[in-house]
Amino acid sequence: MASTEFQNGRRSIEEAIKPPTIGERLARYRVILADAFSELYKSKTAFVGFMMLVALFTVLILTPVLTKYNPIKPDYTAFLQKPSAEHIMGTDRYGRDIYSRVLWGGRRLVTIAILAVIFGLAIGIPYGVLSGYYGGWTDSIAMRICDGLLAFPGILLYLLIVTLAREWKLEGFWNDLILIFALGFAFFPEAARLVRSTVLTEKEKEYVEASHTIGEANLYIAMCQILPNCISPLIVNATVRLGFVILIIAALSFLGLGSPPPTPDWGADLSSARDHMERNPLLAVFPGLAICYTVLAFNLFGDGLRDILDPRLAER
Amino acid sequence: MLVYTINRILQMIPVLFVLTVVTFSFVQLLPGDVIDTLIGDEEAEDPELRAFLMKEYGLDKPIYTQYGIWLGKALQGDFGKSLITRRPVGVELFESIPATVYLGLVGIGLSVIIALPLGSIAAVKRNSATDYTAQVTSLIGISIPEFWFAIMCVILFSLHLGWLPSSGYVSPFEDLGQSLYYLILPALAVGFRQAAYTTRLTRSSMLDEMNKEYVDTARSLGFSESKVIYKYTLRNALIPTITISGLQLANLLGGTVVLETIFAWPGIGQAIYLAIIDHDYPLIQAGILVLGIIVVVVNLLVDLLYRVLNPRVALG
């Protein structure tokens, strides 16, 4: 921005280095946003996924306004009801409103999933950058550790960690924290490998050599100069991972290894709905649909983002 | 090839090391004394017995020696005794492996039967309505949690229509007809998600192949389009597809923990689940280790098979 202004010679240096006013900043953000949006519009999948996510987050943020029943307070006058004007998704065996349980459960689930992915990135990014940048023995050992962790089939690593949490009788906040730790910990090898492979190609480029020549510190080159070029595959990976993490959390709580009973939870609600499949099969439908919608939204958005950020793949 | 195979087997060692260290640490990280954990409540009071067991299990030795002893026993298939049934854990696990393999293989087979035609048609009619339908369907397919799909199938086919049993297992060696009858729903639940993955894979590897020069050559020689596609392209596209579905076995085995629980399928997944519920630590530890090893070995075999099928790949 600034350089074109100098070339045009319309503004003095004092004017140019003056911090931008709020109005100017907003205008600049509007341009960036408009750019991003028009990119988004190019891929139908990304656009649909984005809209689904906007709807999801709006509903989850507005949950306290949108629900009128307490999700954990039993109401023994209205148990196992079919959907009606009062309870639009019906009630469960304790007379709790399914609609409000689905919404409150979603708030919790999506928050945990996002924190878990952020935690995984926070370990995986530095791990991958340093491993790729230093290479040699460090790299070999670091990658073999990743291989070992990735060899755990599907949900087994989470099963081990969550079982430990259960044996230590952790509850509420601590239980959620362990869940976030387990899911993030299982994600970090994947993120690390992804970053490492980009770093391996990036570090051969001229700008890295140039930085070495002028004597920048290794750590600074790795984290501040190489890392920003590895971001776009990471964003795609993290988005798709969010959908996967939500599926895993739902599966764990379906097995009864999630949060303890009164907490609204899609997986656990599905599991308890199995006892009433004959009387009220709809009970098992809504939490499941909620999982599908959320995971699909993240998958669509991630898939579309991949097409936008990696045009080579989009040509296929 | 021999050098590559040996190299690849050597690479497995660190992976297996991490796997064993993690499963070994699991029991160490449990609350309470290891003796309490391993022998159960009623015998834990006797101090003489405790001292004897300390020696017997080598618990008076440093932790790395304990790991060595445990590993040595595990290599001989001695994983200790189940705390619940008092039978050797190894025997319990090996009895449950056939049921899991049976379900897994039929599930994968089913998915390939669905996915290959769907994926290749999508690739051939690229960017058509058929292609988009196949793509959207498979994206929805990977967003549906398998346990919810299973429950919906049970509600529809067992409770509503009454066509199929909702759970249970009959060995195929006892009564093949009955066995298949009980297998349909679980295999469908395993297969559909896998089918969604494989469809996406088939489509992209078909597109890769169709862009290659030999396809143009075949066309210019006047071969019919169907011969070009089905005789040459599909055959080459099968190689990566089958390889990656082999590698997906890890996901599949993880998913069977939940599915086997729903359908009361007496496989290794259900064994692990019941062990978690019953606090049967030796069984949890051994179950997860055995599943992990199966995955590592299958990955190795698939990788070697890939080199055999596709000699052009550099033996790196």
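Parameters at a glance
- Residue positions are given per chain, counted from 1 along the sequence in the order it is written.
- For naming, the first written chain is A and the first written ligand is 1, with later ones following in the order written.
- A pLDDT threshold of at least 70 governs which residues receive local features in this predicted model, and a stricter bar of 80 or more applies before side-chain atom pairs are shown or counted, although totals over entire chains, interfaces and linings include all residues.
- The helix and strand labels rest on DSSP assignments: H or I over at least four residues marks a helix, E over at least two residues marks a strand, and numbering proceeds from the N terminus.
- The burial criterion counts other C-beta atoms lying within 10 Å of a residue's C-beta, which is placed from the backbone; the residue is buried at 20 or more, exposed at 12 or fewer, and partly exposed between these limits.
- Think of it this way: build a C-beta for each residue from its backbone, and any pair within 7 Å is a contact.
- Classification convention: Asp, Glu, Lys, Arg as charged; Ala, Val, Leu, Ile, Met, Phe, Trp, Tyr, Cys, Pro as nonpolar; all other residues, Gly among them, as polar.
- Multiplying one less than the number of residues by 1.5 Å gives the expected span of a helix.
- Known as pLDDT, the predictor's confidence for each residue is given on a scale from 0 to 100.
- Orientation is described by lines fitted to C-alpha atoms, with helices fitted over the stretch in contact, and by angles between N-to-C directions that extend from 0 to 180 degrees.
- Whether a crossing is left-handed or right-handed is set by the direction in which the near helix is turned from the far one by less than a right angle, anticlockwise for left-handed and clockwise for right-handed.

*Asks:* What is the right way to look at the overall build of chain B in this model?
*Replies:* Helix and strand counts for chain B stand at 13 helices and 0 strands. Of all 316 residues assigned to chain B, the portion counted as buried reaches 38%.

*Asks:* Hey, could you run me through the overall build of chain A in this one?
*Replies:* Helix and strand counts for chain A come out as 15 helices and 0 strands. Burial status across chain A gives 42% buried among its 316 residues. Residue pairs in contact within chain A that sit at least 24 positions apart in sequence constitute 68% of those at least 6 positions apart.

*Asks:* Is there a simple way to explain helix H12 (residues 268-278) of chain B in this structure?
*Replies:* An α-helical turn contains 3.6 residues, so a residue and the one three or four places further along point in the same direction. For H12(B), the buried fraction is high: 8 of the 11 residues fall into the buried class. The first or second residue beyond H12(B) is His279(B), which carries a positive phi of 60 degrees.

*Asks:* I tried to follow the interface of chain A and chain B on my own but got confused; where do I start?
*Replies:* A common way to express how large an interface is: the accessible area buried when the components associate. Listed as interface residues are 38 residues of chain A and, on the opposing side, 39 residues of chain B. At the level of elements, helix H7 (136-150), helix H8 (156-167), helix H12 (231-254) and helix H14 (285-309) of chain A are the ones that each hand at least two residues to the side of chain A that touches chain B. In terms of residue count, the dominant contributor to the side of chain A that touches chain B is H14(A) (8 residues). Looking at the side of chain A that touches chain B, its residues break down into 25 nonpolar, 6 polar and 7 charged.

*Asks:* Any chance you could explain unusual backbone geometry here in plain terms?
*Replies:* Note: most residues except glycine have negative phi, and most peptide bonds are trans. Located in the positive-phi region is Ala264(B), a residue other than glycine, with phi close to 50 degrees. With respect to the helices and strands, Ala264(B) occurs in the loop between helix H11 (249-262) and H12.

*Asks:* Would you mind going over H8(A) with me for this structure?
*Replies:* Here H8(A) spans 16 Å end to end across 12 residues, near enough to the 16 Å set by a 1.5 Å rise per residue. Lys169(A), located one to two residues past H8(A), shows a positive phi value of around 55 degrees.

*Asks:* Would you explain the confidence of the model for chain A in this entry?
*Replies:* Do not read the fine detail of predicted coordinates wherever pLDDT is low. Residue and element names in this part refer to chain A. With 87% of its residues at a pLDDT of at least 70, chain A reaches an overall mean of 78. At the low end of the mean pLDDT range in chain A sits helix H1 (residues 2-8), at 50; at the high end sits helix H6 (residues 98-134), at 87. Considering only residues more than four positions removed or in separate chains, one finds that residues 1-6, a stretch of pLDDT under 50, has 5 contacts.

*Asks:* For this particular structure, what's the right way to read the confidence of the model for chain B?
*Replies:* Residues and elements named next belong to chain B. Confidence along chain B averages 79 in pLDDT terms, with 90% of residues attaining 70 or more. Mean pLDDT values for the elements of chain B range from 64 in helix H2 (residues 34-39) up to 85 in helix H7 (residues 146-160). Confidence estimates for the predicted assembly give a pTM of 0.80 and an ipTM of 0.79.

*Asks:* Help me understand the packing of helix H5 (residues 89-124) of chain B against helix H8 (residues 176-210) of chain B, please; the structure alone is not making it clear to me.
*Replies:* Packed helices, taken two at a time, are described by the angle between their axes plus the distance between the axes. Residue and element names in this part refer to chain B. Taken N-terminus to C-terminus, the directions of H5 and H8 make an angle of 35 degrees; their axes are 5 Å apart at the nearest point. Between H5 and H8 lies a crossing of right-handed hand. In terms of residue class, the contact of H5 with H8 is built from 20 nonpolar, 10 polar and 1 charged.

*Asks:* Explain the packing of H6(A) against helix H9 (residues 172-202) of chain A here, please?
*Replies:* Residue and element names in this part refer to chain A. Contact geometry of H6 with H9 gives a least axis separation of 5 Å together with a crossing angle of 35 degrees. H6 and H9 meet at a crossing whose hand is right-handed. Classifying every residue of the contact of H6 with H9 by side-chain character gives 23 nonpolar, 6 polar and 3 charged.

*Asks:* I tried to follow the environment of Val89(B) on my own but got confused; where do I start?
*Replies:* Residues and elements named next belong to chain B. Relative to the helices and strands, Val-89 resides in helix H5. Exposure remark for Val-89: the 27 C-beta atoms within 10 Å place this residue in the buried category. Considered as a pair, Val-89 and Trp-163 are 74 residues apart in the sequence and their alpha carbons are 37 Å apart. For Val-89, the residues in contact, after removing those within four places along its chain, are Phe-79, Gly-80, Lys-81, Ser-82, Pro-282, Leu-283 and Ala-286.

*Asks:* I keep staring at the environment of Val91(B) and nothing clicks. Help me out?
*Replies:* Residues and elements named next belong to chain B. Within the secondary structure layout, Val-91 lies in helix H5. When the 14 C-beta atoms within 10 Å are taken as the criterion, Val-91 is described as partly exposed. Here the alpha-carbon distance between Val-91 and Phe-26, two residues 65 residues apart in the chain, equals 21 Å.

*Asks:* Is there a simple way to think about the environment of Lys82(A) in this case?
*Replies:* Residue and element names in this part refer to chain A. Here Lys-82 is to be found in the loop between helix H5 (63-66) and H6. Given 12 C-beta atoms within 10 Å, Lys-82 falls into the exposed group. Not counting residues within four places of it along the chain, the set of residues in contact with Lys-82 comprises Gly-90, Asn-280 and Leu-282.

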